[in-house]
Amino acid sequence: RTITDRRHTKYHNAVLSELAVDGMWPCQVAEVPYLLLLARSILSHLVSADGRPELTVFTSKLFAATCWSARAMVAHERLLLTNEPSSKLWDQVVVAFERCIAEYR
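Because the structure is a prediction, the values reported are computed rather than measured.

Caption draft 1: Highlighting the overall build of the protein. Counting its regular elements, the protein contains five helices and zero strands. When its helices and strands are written in sequence order, the protein yields α-α-α-α-α. Within the protein, buried positions represent 30% of all 105 residues. Working note: accessible area of the protein is about 7300 Å², and carbon and sulfur atoms make up 61% of it.

Caption draft 2: Quick peek at the packing of helix H2 (residues 33–47) against helix H4 (residues 65–79). Their axes nearest at 9 Å, the elements H2 and H4 cross at an angle of 145°. Here H2 and H4 pass one another in a crossing that is left-handed. Residues Leu36, Arg40, Leu43, Ser44 and Val47 of H2 touch H4, and the partners they reach there are Ala65, Thr66, Trp68, Ser69, Ala72, Met73, Ala75, His76 and Leu79. Taken together, the residues that form the contact of H2 with H4 break down as nine nonpolar, four polar and one charged.

Caption draft 3: Summary view of helix H5 (residues 87–103). In this model, H5 (17 residues) spans 24 Å end to end at C-alpha, consistent with the 24 Å of a helix rising 1.5 Å per residue. Along H5, the residues classified as buried are Leu89, Val93, Ala96 and Cys100. The buried residues of H5 occupy an angular sector of 70° when the element is viewed end-on, so they sit on one face. Turned more than 90 degrees away from the buried face of H5, the exposed residues are Ser87, Val95 and Ala102. For H5, the elements touching its buried residues are H2 and H4.

Caption draft 4: Looking closely at unusual backbone geometry. Of note in this structure, Asp22 is not a glycine but carries a positive phi near 50°. In this fold, Asp22 is placed in the loop between helix H1 (9–18) and H2. Asp22 gets classed as partly exposed once you look at its relative accessible area, which sits at 44%.

Procedures and definitions
- Residues numbered from 1 in each chain as written.
- Predicted model: local features only at pLDDT ≥ 70, side-chain atom pairs only at ≥ 80, totals over all residues.
- Heavy atoms only, no water.
- Helix = DSSP H or I, 4+ residues; strand = E, 2+ residues; numbered from the N terminus.
- Buried < 20%, exposed > 50% of the residue type's maximum accessible area, 1.4 Å probe, protein only.
- Areas by Shrake-Rupley, 256 points an atom, 1.4 Å probe, with all protein chains shown as cover.
- Axes fitted to C-alpha atoms, helices over the stretch in contact; angles between N-to-C directions.
- Left-handed = near helix turned anticlockwise from the far one by under 90°.
- Contact = heavy atoms within 4.5 Å.
- Nonpolar A, V, L, I, M, F, W, Y, C, P; charged D, E, K, R; others polar.
- Expected span 1.5 Å × (residues − 1).
- Arc of directions from axis to C-beta.

As structure tokens, this is what we get:
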């Protein structure tokens, strides 16, 4: 059995609603949207751990966390059912990639 064998519709729709941005819903046929939701949640907490001593020790060794967070945002954007990017999500992507560039200069 894999995580995609059974799709619990109520759970699946709840996850999709959490991934909705600016009133735009993600594609309904996404196989495992909860993995994207989980990745976005974990990575955003790791990237924003500045000033939290219990996480700073751990996150200081994760050099690519910012880049992976930005990639997850782009994947999230591509999953949305729209021709134009979400301004809210796109602004987050731009900030994340600017932070990546600053970290790797």
